[in-house]
Amino acid sequence: MSQVVSYELQANIGIITVNNPPVNALAQVVREGILNAVNTAQKDASEAIILCCDGRTFIAGADITEFGKPPKEPGLPDVLTAIENSTKPIVAAIHGTALGGGFEVTLACHYRCAVASAKVGLPEVKLGLLPGAGGTQRVPRIAGVQAALDMITSGNPVPAQKAKDMGLVDEVVEGEELLAGAISYTKHLIESGAPLKRIRDITIDSSTIEAGFFESARERLAKRARGQIAQDRIVSCLQAAVELPIDEGLIRERELFKELVNSPESAAMRHIFFAERQAAKIKDLAKDTALRPIKSVAILGGGTMGGGIAMCFANVGIPVILVEINDEALERGLSIVRKNYAITVQKGKLPADKMEQRIGLISGTTDYGDISDVDLVIEAVFENLDLKKEIFAKLDAACKPGAILATNTSYQDVDAIAEATARPEDVVGMHFFSPANVMKLLEVVRGEKTADDVLATVMQIGKKIGKVCALSRVCYGFIGNRMLGGYGREAQMLLLDGCTPAQVDGALEGFGMAMGPLAMSDLAGLDVGYKARQGRTDLPDDPKLYRMGTMLVEMGRYGQKTGSGFYQYDPETRRRMSDPEVEALIKEEADKLNVEQAHISDDEILARCFYPLINEGAKILEEGIAQRASDIDVVYIYGYAFPVAKGGPMHYADSVGLKNVHEKICEFRDKYGEQYWNPSPLLKQLAEEGKTFAQWDKERSAPQ
Ligand code: 3HC
Ligand code: NAI
């Protein structure tokens, strides 16, 4: 029939099987194959048809690589029409995940059965899209408008049994033998003369929808997903499902889907979908690199980071030993872990017995002798190179051969730490982000001598604990923190140049950052940056540099923890409020330093804060610290809450145009000095060639 879709008649049942690895995405050949098979089945001796898939999953959706390219016939809606109009019942047989267009295919079928481990969902919103093949019209007809709204705007998949309870699936077949279960279910349908059930024939009783339902949904969602238009369009589609006949609703859905496919938000989110999967791949590592088994882990230091990292492993059933300097510190660390779990239970996100199980996997010690047998050690003690070297020498003596020795350092030289051991090939950086049990990013730092199997194992274990991994070579601050320097610096410089803190943060929050850089510094504590600067000899000797941050610390204003910093904080609610005293102080300092204050537009604020970040990103690429520009985007989306709808700093730069970014950096260099604005040669080259970072990545991923 076709390479990817086969059809065979088994007794009186026609079986259509899709086989398009890895996830059976609905590429043009699959659409065509299904359409042909449905047409063939109309004319043969079959009394009913099963649509199922080979491989690890049911159809996982439209082929995302086809978006943005000229459409190819047949379109998905044509395939669904053929399925729905079949004169013989079509039963979808689901295993793995039926997602997006894949789930929409099943909704055009007359019946749906699934194995218990299967999930169904409409995750389009995570790509800045909406279900464009009837999902917004059919789901509310069988599950109700509220359930459809929750499902489609969250994008979260629903397990088979719950899907059955919601009416999305008709039958959960017993055991994992899907085809046998589906055949017996289909036979039963044939024997009982089951009708051709078409979801399109159901009408929604609009009187059940409360007045103002859609308006309030729009408002709520606009707050939750700032800068993303998909949620709003999903509400419009659901409203159409209630108010219009289905064919008009489907037309409306198609129009809005097309609008979203062509939006910059969706392009950015699709970029991140693929970037995340690319980042997990290390270019010069053989795919079949043998992995070291990780069955137990030790964490050194049970402070802010250590406790959270311990939770990551306990959450996936791996036992953890927490090592501290004394009993008191150990108890403090363990009690914070217990408290964090208790909060999760209180929020209803974890059953109490699971909490006990997980806590039971975390033990504590003050004796290195107790970790002689673990497979992986992650050091998370104070950020001090000498201390870390001392600890790695001790680990070298205490741990078994083959154990992976990782450091969570934010800035220190992983190679220097590795040299403190006689086995630098076993040493690697595992840089988590705070709070470690929540933040999705894991920067994996490859030392000069880190062994291939250590890297492969760490990337794999990172995925297992739910992290998105990105590889960095060794440099000060690795990818993320190194790039951040200029961002924080310019946020403070802008104050002297005429902005208020609220203006700077407002511009960046308007862009989509969860929190502006000055509010973020107040949250982290201004004293942290202050102390870090004390030890640095590489900073330019410029009284303007970090002037306001330094002054505030010297006034005892450390940020939220002292009730004031760049802002004042309400002691009860912690709400941030502008502080006239700070605004007056900024003016006074600008006068003293002879800085002429002027009005600065939001666009200029964005350029001042983001372009140093992008410029440093380009240098990181030049130096081979990051493998790809898209890896840098992954670091910023998952580690620094850069808005996903902007696709990360490098994608954002591409969308602004590298020529524009480069020109502006040169303008800033001429105005503010070369010590801060020194354009990267790579950025200059790409700007001159009219290329993007994405093209640069592509040229380097092509076989040489
Ligand atoms: N289109 C094209 N490629 C896809 C794809 C898709 N829909 N889904 C996954 N892939 C690719 C991945 O890029 C990856 O490629 P690589 O090996 O070259 O890196 C490969 O398939 C395997 O994917 P994962 O690494 O993600 O595999 P997992 O087993 O971890 O996860 C999955 C499987 C849960 C299906 C996950 O891939 C997934 O969530 N896919 C996307 C699902 C989705 O968003 N569907 C909706 C698409 S939009 C749509 O359908 C519009 C419609 O309404 C009209
Ligand atoms: P912290 O000060 O909260 O905790 C450090 C812990 O290490 C303390 O509990 C201390 O008692 C313990 N410790 C000190 N010496 C020890 C030893 N010899 N053996 C065992 N335990 C020892 O520090 P935090 O914030 O958890 O940072 C730890 C590391 O993680 C640092 O290298 C830091 O740069 C890095 N990091 C911190 C992030 C953050 O946001 N706090 C983010 C990412 C990395």
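How each quantity is defined
Residues numbered from 1 in each chain as written. Chains lettered and ligands numbered in written order. Predicted model: local features only at pLDDT ≥ 70, side-chain atom pairs only at ≥ 80, totals over all residues. Heavy atoms only, no water. UniProt positions renumbered as here; feature names shortened; annotations may be inferred. Helix = DSSP H or I, 4+ residues; strand = E, 2+ residues; numbered from the N terminus. Patch = residues over 30% accessible without salt bridge, like charges linked within 9 Å, V, L, I, M, F, W, Y side chains within 5 Å. Areas by Shrake-Rupley, 256 points an atom, 1.4 Å probe, with all protein chains shown as cover. Salt bridge = Lys/Arg side-chain N within 4 Å of Asp/Glu carboxyl O. Lys, Arg positive; Asp, Glu negative; His and termini not counted. Charge placed at Lys NZ, Arg CZ, Asp CG, Glu CD. Buried < 20%, exposed > 50% of the residue type's maximum accessible area, 1.4 Å probe, protein only. Near = heavy atom within 4 Å. Polar contact = N/O pair within 3.5 Å; in protein donor to acceptor, adjacent residues only side chain to side chain. Nonpolar A, V, L, I, M, F, W, Y, C, P; charged D, E, K, R; others polar. Pairing = 2+ DSSP bridges. Axes fitted to C-alpha atoms, helices over the stretch in contact; angles between N-to-C directions. Contact = heavy atoms within 4.5 Å. Domains from an automatic or database assignment. Buried area = accessible area lost by both parts, 1.4 Å probe.

A. Region of interest: the UniProt feature "domain: 3-hydroxyacyl-CoA dehydrogenase NAD binding" (unreviewed entry) in the protein. The UniProt feature table records "domain: 3-hydroxyacyl-CoA dehydrogenase NAD binding" (unreviewed entry) at residues 296–469. Each end of residues 296–469 is marked by a C-alpha atom, and these two atoms are 20 Å apart; helix forms 42% of the span and strand 20%.

B. Local environment of the UniProt feature "domain: 3-hydroxyacyl-CoA dehydrogenase C-terminal" (unreviewed entry) in the protein. Cross-referencing UniProt, the feature "domain: 3-hydroxyacyl-CoA dehydrogenase C-terminal" (unreviewed entry) maps to residues 477–569 and 605–691 in the present numbering. Span residues 477–569 is 59% helix and 2% strand, its end C-alpha atoms 30 Å apart. With 70% helix and 0% strand, residues 605–691 has end C-alpha atoms that lie 25 Å from one another.

C. A look at a positive patch on the surface. A cluster of basic residues, Arg56, Arg277, Lys281, Lys287 and Lys463, forms a positive patch at the surface. Structurally, lysine 281 can be placed in the loop between α11 (264–279) and β10 (297–300). Among the residues examined, lysine 281 registers a relative accessible area of 45% and is labelled partly exposed.

D. Spotlight on the site of ligand 1. As a structural note, the neighbourhood of ligand 1 is formed by 26 residues, with Arg56, Glu104, Glu124, Arg277 and Lys281 the closest of them. Contact between ligand 1 and glycine 101: an oxygen atom at 2.8 Å from a main-chain N or O atom of the residue. Contact distances for ligand 1 include 2.7 Å between an oxygen atom and a side-chain N or O atom of glutamate 104. Counting only elements with at least two residues in the shell around ligand 1, the list comes to β5 (97–99), α3 (101–108) and α11. Sort the elements by how many residues they give to the shell around ligand 1 and α11 lands first, with three residues. Taken together, the residues of the shell around ligand 1 break down into 14 nonpolar, five polar and seven charged.

E. Focus on the site of ligand 2. Surveying the vicinity of ligand 2 reveals 20 residues, the closest of which are Met305, Glu324, Glu383, Lys388 and Ser410. Between ligand 2 and the protein, one listed contact pairs an oxygen atom with a backbone N or O atom of threonine 304 at 2.9 Å. Taking valine 381, its main chain carries an N or O atom lying 3.3 Å from an oxygen atom of ligand 2. When the free accessible area of ligand 2 is taken as 830 Å², the share hidden by the protein chains comes to 80%. Where the shell around ligand 2 is concerned, the elements lending two or more residues are α12 (304–314), α15 (385–398) and β15 (427–432).

F. Spatial organisation of the sheet that holds strand β14 (residues 404–407). Overall, mixed pairing links the eight strands, which are arranged β12-β11-β10-β13-β14-β15-β16-β17 in an open sheet. In the strand order of this sheet, the two ends are held by β12 (362–365) and β17 (468–473), each with one partner. Across the sheet, the mean angle separating the axes of adjacent strands is 25° when strand polarity is ignored. Examined bridge by bridge, β10 and strand β11 (residues 320–323) share four bridges and lie parallel to one another. Within β11, the position partnered with alanine 298 by the bridge is isoleucine 321. Where helix α17 (residues 452–464) meets the sheet, its contacts fall on β14, β15, β16 (441–446) and β17, and the angle it forms with β16 comes to roughly 175°. Its contacts with the sheet put helix α25 (residues 629–639) on β16 and β17, and the angle it makes with β16 is roughly 135°.

G. Fine view of the pattern of salt bridges. Counting across every chain of the model gives 45 salt bridges. In this structure, glutamate 663 and lysine 659 form a salt bridge, with 3.3 Å as the shortest nitrogen-oxygen distance. You can see glutamate 663 and its partner lysine 659 sitting in helix α27 (residues 658–672), four residues apart, about one turn around the helix. On the accessibility criterion, glutamate 663 (45% relative accessible area) is partly exposed. A cluster of three or more residues bridged by salt bridges with shared partners is formed by Glu84, Arg138, Arg200 and Asp247.

H. Here's a closer look at the domain arrangement of the protein. When its domains are assigned, the protein resolves into domain 1 (5–260), domain 2 (297–478) and domain 3 (479–600). Between domain 2 and domain 3, the C-alpha centre-to-centre distance is 32 Å. Listed as interface residues are ten residues of domain 2 and, on the opposing side, five residues of domain 3. Between domain 2 and domain 3 lies a buried interface of about 580 Å² when both sides are counted; carbon and sulfur atoms form 47% of it. Between the two partners, domain 2 and domain 3, sit zero salt bridges.

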